[in-house]
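# Structure at a glance
Spelled out, the chains give:
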Amino acid sequence: MTLSRELSDDVVDDPFVVEEAEAIASTSRLRRRRWALVLVLLAFVLSRGIAGYVADHPDFYGPNHADGTGDVGRYDELTWAMRHEDSSPYGPTLRMEYPPAAIPIMMAPRYIRAVSYRTEFIIFMILFDAVGLFGLVRIAKRTGSWWGAVTWFVLIPALGPVAYTRFDIVVAVVLVWAIERALAGRWGHVGLLIALGTAVKLVPALLLPMLFFVAPRDRRRLLVGSFTAGVVVALVPFIDVLPNVYVSVIQYHTERGVQAESIWGAGLLAAQRLVDYPVVVASSHRAWDAVAPASTLLKTISNAASLAVVVGAIGLAVRTRVGDLRRVTLLLFGAMSLLVGVGRVYSPQYVLWLIALGAVAMALVPRLAAPAVGLLAVTTVLAHLEFPIWFWDALFYKKDAALVVLLVRDVLTLAIGALALWAWKRAPKEQIVLVD
């Protein structure tokens, strides 16, 4: 036994044997990583292939269901007129309701023309999906938590056709990469990304003040400057028609009423069912509004609530330690959820923004973010049920189960925001500044 132990010790102490063992172990780890990468890629292609097919075939859900491809049809019309008829996007004919940076996104499929515009647009959005997942993988390599990538991987296709038949996933990707760049200490990039998101969909601008107070003090001017420069660059091609841009985009959205899918509109529909309150579901601004005697009041309350959320979130950002990116991700997640929840317009594709911020929170503070993201998963499934499956049932066919799903989705969105802000309060106050 003694001789055997001595021989064993000699083998362990032999540097050549140790080096060979380490090489074998390294090769084994590399092989496992390659297999894991191959499996993830196959799962991505399979899941997105199925989701893309469903998005491109609205008849998949059968008759008497809403068409989830309505917005991409609008993009098709706009880009055709811009390319083949030389129509101005913000001229009197088109009056496009999207900010300028949405134009190149919508135009890209117009110049490919391998198959239909709709199919090409869906494939384009799936590519953005991959870019968002890659951003979360980069974050995971820094933080050690892969739950963010898992959250994105599962919830994006779970939302249904709207994940790929709108360009809101571009905004979601921008939000992911803005945090990734903040983790790398590249605050100029953060400003440019938020500017890009703003020039596509306006909403990301509301998050800039929260990031401002968490950014290092010597980087705040760079953050604001790069954001301003990005917005200016997006507007330069339309400098001669800025009043038209304002009317087509800003005024268009400020004039919108109470969308039937919002918590305010769903509340009106519930009042109609319970006490026969007079409500008419009317087409407006390429959506469906709940028109009732209280609609104007509810619009005012919604605007006030949204302003209160923004002001309150900025106040919490001021109380967040500089460089504490863990807590600020919870704050951004909570603020965005509350803004969507109290807004007078709540389209199902807005859930993509929540998935992005929820995934980022799961990549940085998974235990604290888990309760809110768990509710987000339920909300995502309900949003898919609500649109396109039970959309007409809730708005026109007066089926109680469909309306309950809509109400629960809206209430859960507020609950997500509350849980995320509660997690912000419970999170340990620490600084995290990770650089490449």
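Details of the structure are given in the entry above.
Parameters and conventions
- Residues numbered from 1 in each chain as written.
- Predicted model: local features only at pLDDT ≥ 70, side-chain atom pairs only at ≥ 80, totals over all residues.
- Heavy atoms only, no water.
- Helix = DSSP H or I, 4+ residues; strand = E, 2+ residues; numbered from the N terminus.
- Rg over C-alpha atoms; globule rule 2.2 N^0.38 Å.
- Buried < 20%, exposed > 50% of the residue type's maximum accessible area, 1.4 Å probe, protein only.
- Areas by Shrake-Rupley, 256 points an atom, 1.4 Å probe, with all protein chains shown as cover.
- Lys, Arg positive; Asp, Glu negative; His and termini not counted.
- Charge placed at Lys NZ, Arg CZ, Asp CG, Glu CD.
- Salt bridge = Lys/Arg side-chain N within 4 Å of Asp/Glu carboxyl O.
- Pairing = 2+ DSSP bridges.
- Patch = residues over 30% accessible without salt bridge, like charges linked within 9 Å, V, L, I, M, F, W, Y side chains within 5 Å.
- Phe/Tyr/Trp six-rings, centres within 6.5 Å; stacked < 30°, edge-to-face > 60°.

### A few points about the overall build of the protein chain
Scanning the protein chain from N- to C-terminus turns up 18 helices and 2 strands. For 436 residues, the compact-globule estimate of 2.2 N^0.38 gives 22 Å, and the protein chain sits close to it at 24 Å. Along the first, second and third principal axes, the C-alpha set of the protein chain runs to 95 × 50 × 50 Å. Counting across all 436 residues of the protein chain, residues that qualify as buried make up 51%. When the accessible surface of the protein chain is split by element, carbon and sulfur atoms take 66% of a total near 20,000 Å². Averaging the locations of the 40 positively and 34 negatively charged side chains of the protein chain gives two centres separated by 7 Å.

### Structural notes on the pattern of salt bridges
Scanning the entire structure with this criterion turns up 15 salt bridges. For Glu97, the salt bridge identified is with Arg286, shortest N-O distance 3.9 Å. With Glu97 in the loop between helix H3 (70-84) and helix H4 (102-107) and Arg286 in the loop between strand S1 (280-284) and strand S2 (287-291), the pair connects residues that are 189 residues apart, well separated along the chain. Among the residues examined, Glu97 registers a relative accessible area of 4% and is labelled buried. You can call Arg286 partly exposed: its relative accessible area is 48%. When the shortest N-O distance is used, the salt bridge between Lys201 and Asp168 registers 3.4 Å. Of this pair, Lys201 sits in helix H8 (residues 187-201) while Asp168 sits in helix H7 (residues 168-183), placing them 33 residues apart in sequence.

### As for the pairing of S2
For S1 and S2, the ladder comprises 5 bridges, and the chain directions are antiparallel. Its bridge partner being in S2, Val281 is matched across the sheet by Ala290. Here S1 folds back onto S2 in antiparallel fashion, the turn holding 2 residues, of which His285 has a positive phi close to 55°.

### Digging into a nonpolar patch on the surface
Together, Trp35, Val38, Leu39 and Leu42 make up a nonpolar patch on the protein surface, roughly 440 Å² of accessible area in all. As for its position among the elements, Trp35 is in helix H2 (residues 15-56). Under the relative-accessibility criterion, Trp35 is labelled exposed at 56%.

### Brief notes about a positive patch on the surface
A cluster of basic side chains, namely Arg29, Arg32, Arg33 and Lys141, defines a positive patch on the protein surface. Take the positive patch: its biggest share by element is 3 residues, from H2. As for its position among the elements, Arg33 is in helix H2.

### Quick word on the packing of aromatic side chains
What describes a pair of aromatic rings is the distance from one ring centre to the other and the angle between the planes of the rings. One pass over the structure, following the stated rule, counts 17 aromatic pairs. Judged by centre distance (5.4 Å) and plane angle (90°), the rings of Phe60 and Tyr61 are edge-to-face. With a relative accessible area of 17%, Tyr61 lands in the buried category. Between Tyr117 and Phe121 the ring centres are 6.2 Å apart and the planes differ by 20°, which places this aromatic pair in the stacked class.

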